[in-house]
Amino acid sequence: MEPQHRKIWPAATLLILAAAAAVFCLFRLSQPDRMQTSLLLNCTQTNRNGWTFETESGPVEPVFGFGGYLDGIPVDGDGPVAAERVMEDSGQRDLLQFFGFGAGIQVFLDGELLYTDFPNEENRADAFLEDVDFSSISHDGLCIPLPIDCAGKTLRIVTYGAALNGLLYPAFPSLASRFSDSVTAVSSIVWPMAAITALVLLALFLLLVFLFSTQTGPYLWKLLPLSGYFLLTAVPVACGSFFALSAGLDTTGSLTAWLCLIYIDLLFCFLAISLHGWKRRILLIGAAAHILCSALRCFTSVALFYGRLMDWLGFGLFLLAVLLMLLSHERMLRRTSLCLCCAAGVLVAAWCVSRFVGVEYLYPLSNPITSLLYGNPKALYTLLCAVTGLLCAVQVVAEFIRTAFSRQRQMIALQSRSQQAQEQYRQAQESLRNVSAFRHEWKNHVAALWTLTQKQDLDAIHDYLSHLDGQLEQLSPKVYTANPTVNTILQRVAAQTQELGIAFRVSALLPESLSIDEGDLCGFLFNLLDNALEAAAKVPHGEIICSLQIRQQYLAIRCENTYDGTVHTDSAGNLLTTKDDPAEHGFGLMKMRSIAEKYGSVLDVSYDKNRFTVMTALRLKA
């Protein structure tokens, strides 16, 4: 492995561990002990949580809308509404938490005032305030402590605000039980911070994968819009929480509002890059149109692009992306679209079940469908887009890691095969040295023959000469070419073909030296001839025909051999090994292709029922 690769992998591992540790700590901080509980004291048609309602005119019944959710309390004009219930459970350091309401409130417990937005007014539990100014009141994250002995006491919450269509929605709190007031003070920002941290770390991890891919193979440019999607996703999370106030973010600015509208378009751009042809163009045009409409809404006074229309445009673009993914030939995109359909099916099923068991039991799952049926699709397609982004990130990174490990295994196998070829070459050179040493002993053989001649022992002379003739036949291989490297390889293959009874025909008109790296030349010829030898040995009367010659600054190589007609290919038409253990074999052609590409050529492979042919032309250095 190259030095820069050895440095990147530990950095990637440390980044993953740091991300996991940071997310774990943030989520653990939001749950400081096992006694922590949080219960939303809401009111639905199937479970009123013991609430009764009263206006200036007396007791009233709430109005429930689609799905059994509370629409509001009937009031005259902008009159207040009081909601009462008996506190059933007691706990240690119970708190009433109010999130996201924009109205004035008073909170009483058995007639005792716990909180008021109107300190200058007479705050009595049995009276409504008159002519109060609630328009400037907007709370988020209000926490009101309750006494330990609150069980059995009557909680009364009076809400002042503007009615809509004669209905005023009362402020419902969550009942939280915590041990630490300091934890309560920061808990409202822990979850948003945890979500933001997770999104940013995921984006940084994708960018790290992109940087690593630039050094190992083709650049994964499509990771850039996917990383941008996760980075910009943190903006709506920050702007929709108390973290926005603590960080001083301007949630009403045009630029921030624009970012909150277009971050999902980056996800559509990523999906478009993964598509091909007209599908890519359609999705890119849709994403660009949505970005332009969002800019017109945020930076100009065009009244056409109001909020609900932008939500429906985004939802339509999401449905278009799902449809195009279903029609795609990419397996990853089809799997993603099917997972999205399954996720949407789960949400619809949860919504249908909630019609029978009560909306409060399946509220997180049923709410997106309910919002869609009410004409607000953003909750649904935003959730499904988050699922899409996570699926795409997991699949892309998993595919990249799989490819990286596969490439690493192949390189290790190729390196091992190259070392083996070099070792075979050294053994062949050693054999030649032994032949040379034998030739130096020829004087001794001549002296022995002179001795036998003087004795006139013709039978002994005949036997000795026959013995020497056999040795010379074995130790004097044929010279095929002037190039020693190629000649050694051809001599080795010739000896093997002779043992196996394979016809070996060679034409190698080469000079003594070639401007090709000796290791590359050995690796190419050894793999080429070994594959041919193995294939020709499987059929009777096997034959190998090899040709090497110089043509216009190229070393032209052609090898043709007989084989049994069995060829294995993958779905892309690439040749596979026919050996029993494909994980340890099948790298010969891959090695030859890499050497051919190194010398500005390609490997041409052709075959019919009886013969297999491999050709290439390696460029010689000037």
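See the structure above.
I will try to describe carefully the structure that is included in this document. Keep in mind that this is a model prediction, so the values were computed, not measured.

As a further point, take the packing of aromatic side chains. Summed over the entire model, instances satisfying the criterion amount to 12 aromatic pairs. Judged by centre distance (5.8 Å) and plane angle (65 degrees), the ring pair of W258 and F299 falls under edge-to-face. In this pair, W258 sits in helix α5 (residues 254-274) while F299 sits in helix α6 (residues 277-299), placing the two residues 41 residues apart along the sequence. A centroid spacing of 5.9 Å and a plane angle of 80 degrees characterise the contact between Y563 and F612, whose relative ring orientation is edge-to-face. With Y563 in the loop between β16 (554-562) and β17 (568-569) and F612 in strand β20 (residues 611-619), the pair connects residues that are 49 residues apart, well separated along the chain. When its relative accessible area of 8% is taken as the criterion, Y563 is described as buried. Put simply, the rings of W51, F53, Y169 and F172 touch in pairs and so form one group of aromatic residues.

Read across the open sheet, the 5 strands follow the order β14-β15-β16-β20-β19; overall the sheet is mixed. Looking at the sheet topology across the chains shown, the edges are occupied by β14 (503-509) and β19 (604-607). The mean angle between the axes of side-by-side strands here comes to 10 degrees, regardless of whether they run parallel or antiparallel. Examined bridge by bridge, β14 and strand β15 (residues 543-551) share 7 bridges and lie parallel to one another. Along β15, the bridge assignment pairs L509 with Q549.

Before going further, it helps to examine unusual backbone geometry. For N165, which is not glycine, the phi torsion reads 55 degrees and is therefore positive. Looking at the secondary structure, you find N165 in the loop between β11 (154-160) and β12 (167-168). Despite not being glycine, Q553 has its phi angle at roughly 65 degrees, a positive value.

Attention now moves to the pairing of strand β6 (residues 81-86). In this structure, strand β2 (residues 52-55) lies alongside β6, joined through 4 bridges in antiparallel fashion. Opposite T52, over in β6, you have E84 as the bridge partner. In this structure, β6 lies alongside β11, joined through 6 bridges in antiparallel fashion. In the strand pairing of β11, R85 is matched with L155.

In this section: the nonpolar core. The biggest cluster of nonpolar side chains holds 49 residues, and the ones touching the most others in it are L226, F268, L271 and L283. Other than its neighbours up to four places away in sequence, L283 contacts F268, L271, A272, L275, L317, A321 and L324. Within the second largest apolar cluster, 39 residues are counted, among which are V486, A494, I557 and L620.

Counting through the fold element by element, I148 comes out in the loop between β10 (142-145) and β11. On the accessibility criterion, I148 (60% relative accessible area) is exposed. Residues I148 and D94, spaced 54 residues apart in sequence, show a C-alpha to C-alpha distance of 7.0 Å.

What the rule picks out here adds up to 12 salt bridges. The salt bridge partner of R156 is E54, with a shortest N-O separation of 3.4 Å. Here R156, found in strand β11, pairs with E54, found in strand β2; they are 102 residues apart in sequence, far enough to count as distant. According to the relative accessible area criterion, R156 is buried, its value standing at 6%. The exposure class assigned to E54 is partly exposed, which follows from its relative accessible area of 29%. A salt bridge links E122 to R124; its shortest N-O distance comes to 3.3 Å. For E122, a relative accessible area of 55% translates into the label exposed.

Two strands in a sheet stick together by hydrogen bonds in their backbones, pointing the same way (parallel) or opposite ways (antiparallel). Spatially, β3-β2-β6-β11-β8-β9 is the arrangement adopted by the 6 strands of the open sheet, whose pairing is antiparallel. Of all the strands in the sheet, the pair left with one neighbour each is β3 (58-60) and β9 (112-116). Between one strand axis and the next, the sheet turns through 25 degrees on average, direction left out of account.

Cut-offs and rules
Residues numbered from 1 in each chain as written. Predicted model: local features only at pLDDT ≥ 70, side-chain atom pairs only at ≥ 80, totals over all residues. Heavy atoms only, no water. Phe/Tyr/Trp six-rings, centres within 6.5 Å; stacked < 30°, edge-to-face > 60°. Helix = DSSP H or I, 4+ residues; strand = E, 2+ residues; numbered from the N terminus. Buried < 20%, exposed > 50% of the residue type's maximum accessible area, 1.4 Å probe, protein only. Pairing = 2+ DSSP bridges. Axes fitted to C-alpha atoms, helices over the stretch in contact; angles between N-to-C directions. Core = buried A, V, L, I, M, F, W, Y, C linked by side-chain atoms within 4.5 Å. Contact = heavy atoms within 4.5 Å. Salt bridge = Lys/Arg side-chain N within 4 Å of Asp/Glu carboxyl O.

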